[in-house]
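Structural overview for review
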Amino acid sequence: MPVIAATGSSPIAFWYLSRGTGVVTLVLLTLTVALGVANFKRLKTRRIPRFVIDGVHRNAALLAVVFLGIHVISSLADSFVSIGLVDVFVPFASSYSPLWIGLGALSLDLLLAVIVTSLLRRRIGHRIWRATHWLAYASWPIALAHSLGAGTDAGTGWMTALVVICVGTVAISVVARLGGRRREQAGPPPAALTPRERRQRAAAALKPIMN
């Protein structure tokens, strides 16, 4: 969350901590969302086992929550900008930059819903958990907008490059997911079929021509 350049009466440590943890949270959330969108459980690589990708996804999500917590606490502790506890959880209630702080609060609420339902997954059932889990994907663009509008580093060269990388990473994951669906709908390649299945497919293709 935003903190303008520190003065003598402003704790500069909280300012740097808020900036740093906000950027790290965005990167970790991007990685988590990208692996989720790409359907990491079906990713197959020769060099990286599937359980390694699964571990990266879980650890990135946990670290994102940790750094988000530090980001919120450091923003509340900073005295230069008036951000109260209610402003952190209630969207658009802040008197300071209500739009951008409100987007940050909304993104936080969505992630909290994902965390709570994950802890109660066995009680609420897989269907409700899965539906709520999609909120994590919705929180990413909202958090990105919050970073661009509220962050003091918005507009700098390194922050612009980081945003481009984050958006590009998620875009690649979307393309990978769509490509995987198309391959599933197309079925197995001819080389994976038995001779009998290949003959049946060839006969089915020639049938409209013969008729």
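Everything below is about the structure printed above this text.
In short, a report on the structure. None of these values were measured; they are calculated from a predicted model. (Residues numbered from 1 in each chain as written. Predicted model: local features only at pLDDT ≥ 70, side-chain atom pairs only at ≥ 80, totals over all residues. Heavy atoms only, no water.)

1. A look at the overall build of the chain
In terms of regular secondary structure, the chain is built from nine helices and zero strands. Within the chain, the fraction of its 211 residues that count as buried is 34%. Of all intrachain contacts in the chain linking residues separated by at least 6 positions in sequence, the fraction that spans at least 24 positions is 62%. On the chain, roughly 13,000 Å² of surface is accessible, and the fraction owed to carbon and sulfur atoms is 68%. (Helix = DSSP H or I, 4+ residues; strand = E, 2+ residues; numbered from the N terminus. Buried < 20%, exposed > 50% of the residue type's maximum accessible area, 1.4 Å probe, protein only. Contact = heavy atoms within 4.5 Å. Areas by Shrake-Rupley, 256 points an atom, 1.4 Å probe, with all protein chains shown as cover.)

2. Digging into the pattern of salt bridges
Under the defined criterion, the tally for this structure stands at one salt bridge. With a closest N to O distance of 2.6 Å, Asp153 and Arg19 form a salt bridge. With Asp153 in the loop between α7 (135-150) and α8 (157-186) and Arg19 in helix α1 (residues 12-37), this pair connects stretches of sequence that are 134 residues apart. Given the relative accessible area of 11%, Asp153 is considered buried. (Salt bridge = Lys/Arg side-chain N within 4 Å of Asp/Glu carboxyl O.)

3. With respect to the packing of aromatic side chains
Tallied over the full model, the rule gives two aromatic pairs. With a centroid separation of 4.6 Å and 55° between ring planes, the pair formed by Trp15 and Tyr16 is classed as tilted. Take Trp15: its relative accessible area is 11%, and that puts it in the buried class. By relative accessible area, Tyr16 is classed as partly exposed at 47%. (Phe/Tyr/Trp six-rings, centres within 6.5 Å; stacked < 30°, edge-to-face > 60°.)

4. With respect to the side chain of Asp87
As for its position among the elements, Asp87 is in helix α3 (residues 85-89). Buried within the structure, Asp87 lacks any salt-bridge partner; Arg19 is the closest side chain of opposite charge, at an N-O distance of 20 Å. Within the structure, Asp87 has its side chain in polar contact with the backbone nitrogen of Gly84 (distance 2.9 Å). Look past the residues within four positions of Asp87 in its chain and what remains in contact with it is Ser82, Ala93, Ser94, Ile101 and Ala105. (Lys, Arg positive; Asp, Glu negative; His and termini not counted. Polar contact = N/O pair within 3.5 Å; in protein donor to acceptor, adjacent residues only side chain to side chain.)

5. Comments concerning the packing of α1 against helix α2 (residues 50-77)
Where α1 contacts α2, the two axes come as close as 8 Å, and the packing angle between them is 155°. On the basis of their axis angle, the class for α1 and α2 is roughly antiparallel. Taken as a pair, α1 and α2 cross one another with a handedness that is left-handed. Of the residues that constitute the contact of α1 with α2, the class distribution is 17 nonpolar, 10 polar and no charged. (Axes fitted to C-alpha atoms, helices over the stretch in contact; angles between N-to-C directions. Parallel < 35°, antiparallel > 145°, perpendicular 65-115°, else oblique. Left-handed = near helix turned anticlockwise from the far one by under 90°. Nonpolar A, V, L, I, M, F, W, Y, C, P; charged D, E, K, R; others polar.)

6. Focus: the packing of helix α4 (residues 98-119) against helix α6 (residues 126-133)
Orientation of α4 relative to α6, taken along the N-to-C sense of each, is 160°, at an axis distance of 9 Å. Considering their axes alone, α4 and α6 lie roughly antiparallel with respect to each other. Once α4 is placed against α6, the crossing between them reads as left-handed. Listed contacts from α6 to Ala113, Val114, Thr117 and Ser118 of α4 are Trp129, Thr132 and His133. In the contact of α4 with α6, the residues fall into three nonpolar, four polar and no charged.

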